[in-house]
Amino acid sequence: MNLPVVVTSAPRRPAWQRALWLLAGGLSLLLGIAGIFLPLLPTTPFVLLAAACFSRGSTRCEAWLLHHPRFGPMVRDWRQHRAVPLRAKQLALVMMTIGSLAAAFTLPRFKWLPALCCAAVAWWLWRLPSREALAPQVADESSSGNSGKV
């Protein structure tokens, strides 16, 4: 089911605020892309943060991210259902575990800090619903013709 992506225009902000939001979005997106390759950085939270920043700073960048073949579905699922793909959760947990173990063996001080940060992100991420868990609910609602809302 292909739903149209709607980008709402945010209230007009001063140029310096838009520039800061755009910079924050770009930095978040770069960290998310780096997280694809670096085990300590989870991709999903940074891409979601980038989408939130872009929605406040640049509707063009937000639309680009929403239509991106790799990141778009993740952001759209988050906005529509507050859900993250199960595969993204699993991969994030594995990569953060590997990165935390590597940091524990290589850092001279504060060996526990990366593991603590990764544990906090993992706890937050696993508490979120999975897209796959929501799929039966969405299918039931659409087939019955009842959205479940009164």
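Before any of the text, the structure's been laid out above.
Residues numbered from 1 in each chain as written. Predicted model: local features only at pLDDT ≥ 70, side-chain atom pairs only at ≥ 80, totals over all residues. Heavy atoms only, no water.

**Student:** What exactly am I supposed to notice about a nonpolar patch on the surface here?
**Tutor:** A cluster of nonpolar side chains, contributed by Ile 33, Ile 36, Phe 37 and Leu 38, occupies part of the molecular surface with about 380 Å² of accessible area. With respect to the helices, strands and loops of the structure, Ile 33 is situated in helix 1 (residues 15-37). (Patch = residues over 30% accessible without salt bridge, like charges linked within 9 Å, V, L, I, M, F, W, Y side chains within 5 Å. Areas by Shrake-Rupley, 256 points an atom, 1.4 Å probe, with all protein chains shown as cover. Salt bridge = Lys/Arg side-chain N within 4 Å of Asp/Glu carboxyl O. Helix = DSSP H or I, 4+ residues; strand = E, 2+ residues; numbered from the N terminus.)

**Student:** Can you walk me through the side chain of Ser 130 in this structure?
**Tutor:** The topology assignment puts Ser 130 in the loop between helix 6 (113-127) and helix 7 (131-144). Side chain to side chain, Ser 130 and Lys 89 meet in a polar contact 3.2 Å long. Not counting residues up to four positions away in its chain, the partners in contact with Ser 130 are Ala 83, Val 84, Leu 86 and Lys 89. (Polar contact = N/O pair within 3.5 Å; in protein donor to acceptor, adjacent residues only side chain to side chain. Contact = heavy atoms within 4.5 Å.)

**Student:** Even after reading the chapter, I still don't get helix 2 (residues 43-57), so can you show me in this structure?
**Tutor:** Every α-helix winds through 3.6 residues per turn, so residues three or four apart in the chain are directed the same way. In a regular helix each residue adds 1.5 Å, so 15 residues correspond to 21 Å; helix 2 covers 21 Å between its end C-alpha atoms and thus fits that length. Turning to helix 2, its buried residues are Thr 43, Thr 44, Val 47, Leu 48, Ala 50, Ala 51, Cys 53, Phe 54, Ser 55 and Gly 57. (Expected span 1.5 Å × (residues − 1). Buried < 20%, exposed > 50% of the residue type's maximum accessible area, 1.4 Å probe, protein only.)

**Student:** I keep staring at the packing of helix 3 (residues 59-67) against helix 4 (residues 72-81) and nothing clicks. Help me out?
**Tutor:** Helix packing geometry: the angle between the two helix axes and the distance between the axes. Packing of helix 3 against helix 4 leaves a shortest axis separation of 6 Å and a crossing angle of 105 degrees. Taken as axis vectors, helix 3 and helix 4 run roughly perpendicular relative to one another. For the pair helix 3 and helix 4, contact is made by Glu 62, Leu 65, Leu 66 and His 67 and by Gly 72, Val 75, Arg 76 and Arg 79, respectively. Within the contact of helix 3 with helix 4, the residues separate by chemical class into three nonpolar, two polar and three charged. (Axes fitted to C-alpha atoms, helices over the stretch in contact; angles between N-to-C directions. Parallel < 35°, antiparallel > 145°, perpendicular 65-115°, else oblique. Nonpolar A, V, L, I, M, F, W, Y, C, P; charged D, E, K, R; others polar.)

Remember that the coordinates give geometry; whether it matters functionally is a separate question.
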